[in-house]
Every structure is written in C-alpha cells, then in structure tokens.
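Report on the structure
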Amino acid sequence: MDIGLILSAFQRTLGQVHDRRFLRVLGLGVGLTFALLVAAYAAVLWLLQTLMGPEATLPLIGTVTWLDDLVGWSSLLLMLILSVFLMIPVASAITSMFLETVADAVEDRHYPALPDVAPVPFGDALRDTVNFLGVLIAANTLALFVYAFVFWIPFAPLALFWGLNGFLLGREYFTLAAMRREGRARAKELRRQHAMTIWAAGILMAIPLSIPIMNLLIPILGAATFTHIYHGVKPRGS
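Taken directly from UniProt, the Subcellular location (unreviewed entry) text for the chain runs: "Membrane".

Attention shifts here to the packing of aromatic side chains. If you walk through the whole model with that rule in mind, you get three aromatic pairs. Look at Tyr173 and Phe226: their rings are 5.9 Å apart centre to centre, the planes differ by 50°, and that puts the pair in the tilted class. Of this pair, Tyr173 sits in helix α5 (residues 156-193) while Phe226 sits in helix α7 (residues 218-233), and the two are 53 residues apart along the sequence. Owing to a relative accessible area of 0%, Tyr173 belongs among the buried residues under this scheme.

With that out of the way, let us pick up empty space enclosed by the protein. Applying the stated criterion across every chain yields a total of one cavity of 30 Å³ or more. A volume near 30 Å³ is recorded for the largest cavity. Together, Ser92, Phe132, Val135, Leu136, Leu168 and Glu172 line the largest cavity. The set of elements that each furnish at least two residues to the lining of the largest cavity consists of α4 (122-150) and α5. Take the lining of the largest cavity: its biggest share by element is three residues, from α4.

End to end, helix α1 (residues 3-15) covers 18 Å across 13 residues, agreeing with the expected 18 Å (1.5 Å per residue, within 8%). Those residues of α1 that fall on the buried side of the exposure criterion are Leu5, Ile6, Ala9 and Thr13. Taken around the axis of α1, the buried residues stretch over an arc of 100°, which confines them to a single face. Opposite the packed face of α1, turned more than 90 degrees from it, sit the exposed residues Leu7 and Gln11. Put simply, Asp2 is the residue that caps the front of α1, since its side-chain oxygen is 3.3 Å from the backbone nitrogen of Gly4.

With that settled, consider the UniProt feature "transmembrane region" (unreviewed entry) in the chain. Here the UniProt feature "transmembrane region" (unreviewed entry) sits at residues 22-48, 76-99, 132-153, 159-178 and 198-221. Its end C-alpha atoms 28 Å apart, residues 159-178 is made of 100% helix and 0% strand. Note that residues 198-221 is 67% helix and 0% strand, and that its end C-alpha atoms are spaced 15 Å apart.

Two elements in contact, α1 and α7, have axes separated by 8 Å at closest approach and are oriented at 130°. Judged on the interaxial angle alone, α7 and α1 are oblique. The handedness of the crossing between α1 and α7 comes out as right-handed. Listed contacts from α7 to Leu5, Ile6, Ala9, Phe10, Arg12 and Thr13 of α1 are Leu221, Ala224, Thr225, His228, Ile229, Gly232 and Val233.

Once that is clear, we can look at a nonpolar patch on the surface. Where nonpolar side chains cluster on the molecular surface, the patch consists of Met1, Ile3, Leu7, Phe167, Met196 and Trp199 and spans about 600 Å² of accessible area. Residue assignment for the nonpolar patch shows that the elements contributing at least two residues are α1 and α6 (195-209). Locating Met196 in the fold gives a position in helix α6.

About the thresholds
- All residue numbers refer to positions counted from 1 along the written sequence of the respective chain.
- Totals for whole chains, interfaces and linings use every residue, but because this is a predicted model, local features are given only for residues with pLDDT of at least 70 and side-chain atom pairs only at 80 or more, for both listing and counting.
- By convention in this description, side-chain values take in all heavy atoms of the structure and omit both hydrogens and water.
- UniProt positions are given in the numbering used here, feature names are shortened, and annotations may be inferred rather than shown by experiment.
- Aromatic rings from Phe, Tyr and Trp, taking only the six-membered ring of Trp, are treated as a pair when their centres fall within 6.5 Å; an angle between ring planes under 30 degrees marks them as stacked, one over 60 as edge-to-face, and anything in between as tilted.
- Here a strand is any run of E in DSSP of at least two residues, a helix any run of H or I of at least four, and the numbering for each starts at the N terminus.
- In this scheme, a residue with accessible area under 20% of its type's maximum is buried, one over 50% is exposed, and one in between is partly exposed, where area comes from a 1.4 Å probe on protein chains only.
- Two kinds of site are reported from a 1 Å grid over the protein atoms alone, namely cavities, where a 1.4 Å probe fits but cannot get out, and pockets, open sets with protein on both sides within 12 Å along at least five of seven lines, and residues are called lining when an atom falls within 4 Å of a point.
- Grid points are joined across faces, edges and corners, and a volume is the space filled by probe spheres set on the points.
- Here a helix's expected span is defined as the number of its residues, less one, multiplied by 1.5 Å.
- In this description, one arc is meant: the one made by directions from the helix axis to the C-beta atoms.
- Distance and chemistry together define a polar contact, namely a pair of N or O atoms within 3.5 Å, with one atom able to donate a hydrogen and the other to accept it when in protein, and with adjacent residues in sequence counting only for side-chain atoms on both sides.
- Here an angle of 0 to 180 degrees is reported between the N-to-C directions of two axes, which are lines fitted to C-alpha atoms, with helices fitted over the stretch in contact.
- Should an angle fall under 35 degrees it is called roughly parallel, over 145 degrees roughly antiparallel, and 65 to 115 degrees roughly perpendicular, with every other angle called oblique.
- Throughout, a crossing is termed right-handed when the near helix is turned clockwise from the far one, and left-handed when it is turned anticlockwise from it by less than a right angle.
- Any pair of residues with heavy atoms lying within 4.5 Å of one another is described as a contacting pair.
- Candidates for patches are residues over 30% relative accessible area with no salt bridge; among them, like charges are joined within 9 Å and nonpolar side chains (Val, Leu, Ile, Met, Phe, Trp, Tyr) within 5 Å.
- Shrake-Rupley sampling with a 1.4 Å probe provides the accessible areas, and residues are treated as covered by the protein chains on show and by no other component.
- What counts as a salt bridge is simple: a side-chain nitrogen of Lys or Arg found within 4 Å of a carboxyl oxygen of Asp or Glu.

Shown next, in the form of structure tokens:
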C-alpha cells in the first residue's frame, strides 16, 4: 500500500485547482453533480411516498410531505442528510461524463510528453459506468443486512460503509483512468497488482463523499487523483 503516492496524487490535484481549464471542468462537474444529486433525491422521495404514503414525521425535520416539500427548507435539510448515501452512486455516474476531460487536463500539465490517446467511445464508457453503478447499488443494498447486525458496535457501520464503497469507487475510478492508455485487460491487471493502494485511495475518497456540501467537489477531484495514481503505478516506459 503506497500512502505516499496517494497523498502526492491528491496534493498535485489540489495544486491544479487554480488552473483556468481545470477550474472550468471543476465548476461544470460540481453543477452536474448537484443536478444528479437533486434528481436522485427526487427519485428517493417518490419511492418513499409510494412505500410510506404522502407524509411522515422525521426527527429534527418534522412532518415531510415528500414530493410536495421537494423545494422547501425541510427538504433541503433532508437532502443534505441523504446526500451522505446518495453521493456514492452520483460519484459513480459522473465518471463517464468527466473522467476523460479531467484526465486530459491533468496529463497536459503534469505529463506533457505523453502521446495523445483516442477517447474511449462514449457507448463503452457509459456501459462500464452503468455496470459499475449496478454493482454499487446491489452491494450497498446487501450491505444493509450487515449494518443491521453491527449497528450496536461504535463506528462499525460507518467503517464498513467507507470500506465497501472505497473498494468499489477505487476500482471504478482507477479502471477508467487506466483504460484510456492501457486497454481494458491491462487496466484490470494493474488494478489487481495495486489493489491495496487503490482501495486505500477509494476509502479516502468515500470519507469526504459522506460530508454534505464538500461531497460536491469530490467526484472531479477524485478523477484527477486517480489519474495521478495510475501514472504513479504504471511501469516506466509503458
């Protein structure tokens, strides 16, 4: 596990935030991330209204009439709370949209000698993202049963949540970053060789995704960080 590589990759990412090109991508990414979060939240409210009826009383929030309160202050508070969970699939969905652009910006500044690569076809990237998203949702749904058994152990559900989603997000982000230059088979091989480093980086991504407001920045920053991690672990000369 190369923690030094992870910290260096994140430091380089933060060092590029002031670049106009990167800042433009970051701003667009934050806007789309927020839009996807609102869409996911509205879908959850619709599901809750279908399952529980038109209204319910929640601690700290009071009576919520689900879709009728979608634009209210109580709904904003509820969305911030649910964003702890909803941002995980949102971060997964954002990869196919922005990883190529983010990786290009990172490589143009930090790895200018690299040859250009053909963009991954949108259909292939979308297919991979949908597959990853399906695995992410299925794994987190099954994990609910595990959380029920360990909820009485302090911090155990949170640690499991971060560990599971760190593994899944790290796997997705690294694979998509590596596939641009290595192809699918070689990207998976590199992922297996550096599994612990990728998992640790994924956990360090999953933790701030659990913090409302801050989590809007993480999908784009994560894409840049994993681009650096890929370049840090690939064999020299490849």
